[in-house]
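Spelled out, the chains give:
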Amino acid sequence: MNRFLIRLTATASIVFASFAFAISVHAGEVLDRVLATKTLTVATSSAFPLASFIDKKGQLDGFDVEVAKGIAKYMDVEAKFVTPGWDIITSGRWEGRWDLAMGQMTPTVPRAKLFDFPAVYIYGNSVAVVHKDSKATKPSDLDGKVIGVSAGSSEESYAKHTLEVYDAPPVKFQFTPSEVKGYESSTSAADDLRLGDGVRLDGFLTEELEAKAMIKAGYPFKIMGGPLVSAPAVIAVLHGDKEFSDKVAAAVKSMREDGSLSKLSIKWYGSDQTVQK
């Protein structure tokens, strides 16, 4: 081997070693930060009852909040919560401001390009909600109507006929709205619908458990027909840190095995929604 080849081979080896080291450092960056700061920063909603909402004491509470605290406990760290808009969370532009997202996210094909889904922690149904005075009786009655959705949600994708659930059969769309209005949260859409049938909205789409919680709280709504879509809800983390994803997965697995995940579902929803029906 001549000197040029020797130098070239040596240089290539150094570059490869440096590249491999960089990947190794990056791979554990999130987990290293969480363990070093003893803080797991969780992005969630403050207006998603009964998953995450502000209680009478002014504290963030709900099923998702308690699950996040359980994950943090498994890691021997404290949970810290931030509440950006759902559209910001699903954009993937986290910039290190939080470590994982809790919001009963539906795993979709576009989202799989941005996120890892380390754990399914509950199963949910998306439903159409209308005012109790509405004459609509089936989803197709919403053809040509104005429908509210939480911006960036899977319900928005459904209303716009772009929803692709990751690793699942194609979605069947049951109606075509004339307009899809995006809101900061489904609660904001509900506030518009409660003004009256057709005043600002003809209906809105949300998760079934949230819709039932609203109706129980006195909102003048009714759920129309069965689920539009049934899908698992996942925890989301950014690509690039397998160690962190594995730790989150192990935490949820532990909560399943010791029964605490089921108990939290029963506490908040009255039934175990953590297993597929």
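Residues numbered from 1 in each chain as written. Predicted model: local features only at pLDDT ≥ 70, side-chain atom pairs only at ≥ 80, totals over all residues. Heavy atoms only, no water.

> Which parts of the structure should I look at to understand the packing of helix 3 (residues 63-74) against helix 9 (residues 242-257)?
Think of two packed helices as two axes; the pair is described by the angle between the axes and how far apart they sit. Viewed as axis vectors pointing N to C, helix 3 and helix 9 meet at an angle of 110°, and their least axial separation amounts to 9 Å. Judged by the angle between their axes, helix 3 and helix 9 are roughly perpendicular. Crossing hand, helix 3 versus helix 9: right-handed. Touching Val67, Gly70, Ile71 and Tyr74 of helix 3 are Lys247, Val248, Ala250, Ala251, Val252, Ser254 and Met255, all from helix 9. Split by residue class, the contact of helix 3 with helix 9 holds eight nonpolar, two polar and one charged. (Axes fitted to C-alpha atoms, helices over the stretch in contact; angles between N-to-C directions. Helix = DSSP H or I, 4+ residues; strand = E, 2+ residues; numbered from the N terminus. Parallel < 35°, antiparallel > 145°, perpendicular 65-115°, else oblique. Left-handed = near helix turned anticlockwise from the far one by under 90°. Contact = heavy atoms within 4.5 Å. Nonpolar A, V, L, I, M, F, W, Y, C, P; charged D, E, K, R; others polar.)

> Would you take a moment to explain the layout of surface pockets for this structure?
If a probe as big as a water molecule is rolled over the atoms, it shows which places are left empty. When its volume is computed, the largest pocket comes out at roughly 540 Å³. As for the largest pocket, its lining consists of 35 residues, and the residues nearest its centre are Phe48, Trp86, Gly103, Ser150 and Ser153. Contributions of two or more residues to the lining of the largest pocket are made by strand 2 (47-48), helix 4 (86-91), strand 6 (100-105), strand 7 (115-131), helix 6 (154-159), helix 7 (186-193), strand 10 (203-207) and strand 11 (221-238). Broken down by element, the lining of the largest pocket gets its largest block of residues, four residues, from strand 11. The residue makeup of the lining of the largest pocket, split by class, is twelve nonpolar, 18 polar and five charged. (1 Å grid on protein atoms, 1.4 Å probe; cavity = no way out; pocket = protein on both sides within 12 Å on 5 of 7 lines; lining within 4 Å. Points joined across faces, edges and corners; volume = space filled by probe spheres on them.)

> Got a minute to help me understand the packing of aromatic side chains in this structure?
The geometry of two aromatic rings is summed up by the distance between their centres and the angle between their planes. Throughout the structure, instances matching the rule amount to ten aromatic pairs. Members of the aromatic cluster, each reached through a chain of ring pairs, are Phe63, Tyr121 and Tyr269. Over the ring of tyrosine 219 we find arginine 194; its NZ or CZ atom is 4.1 Å from the centre of that ring. (Phe/Tyr/Trp six-rings, centres within 6.5 Å; stacked < 30°, edge-to-face > 60°. Lys NZ or Arg CZ within 6 Å of the ring centre and 35° of its normal.)

> How should I be thinking about the sheet that holds strand 3 (residues 52-54) in this particular structure?
What links the strands of a sheet is backbone hydrogen bonding, and the strands pair in either a parallel or an antiparallel sense. Taking strand neighbours across the sheet as the criterion, the three strands line up as 2-3-4 in an open arrangement whose pairing is antiparallel. Strands at the two margins of the open sheet, each flanked by one partner only, are strand 2 and strand 4 (60-61). Across two bridges, the pairing between strand 2 and strand 3 is antiparallel. Paired with phenylalanine 48 across the strands is serine 52, a residue of strand 3. (Pairing = 2+ DSSP bridges.)

> What should I look at first to understand helix 3 in this one?
Owing to its 3.6 residues per turn, the α-helix aligns residues three or four sequence positions apart on the same side. For helix 3, with twelve residues, the first-to-last C-alpha span of 17 Å sits near the 16 Å given by 1.5 Å per residue. Looking one or two residues past helix 3, aspartate 76 carries a phi angle of roughly 65°, positive in sign. (Expected span 1.5 Å × (residues − 1).)

> Teacher, can you tell me more about unusual backbone geometry here?
Note: most residues except glycine have negative phi, and most peptide bonds are trans. Backbone torsion omega between proline 49 and leucine 50 reads 0°, so that peptide bond is classified as cis. Here leucine 50 lies in the loop between strand 2 and strand 3. The backbone of glutamate 95 shows a phi angle near 55°, a positive value even though the residue is not glycine. With respect to the element layout, glutamate 95 can be found in the loop between helix 4 and strand 6.

> What am I meant to see in the environment of aspartate 246 here?
Assignment of secondary structure puts aspartate 246 in helix 9. According to the relative accessible area criterion, aspartate 246 is partly exposed, its value standing at 39%. The spatial distance from the C-alpha of aspartate 246 to the C-alpha of leucine 193 is 41 Å, given a sequence separation of 53 residues. (Buried < 20%, exposed > 50% of the residue type's maximum accessible area, 1.4 Å probe, protein only.)

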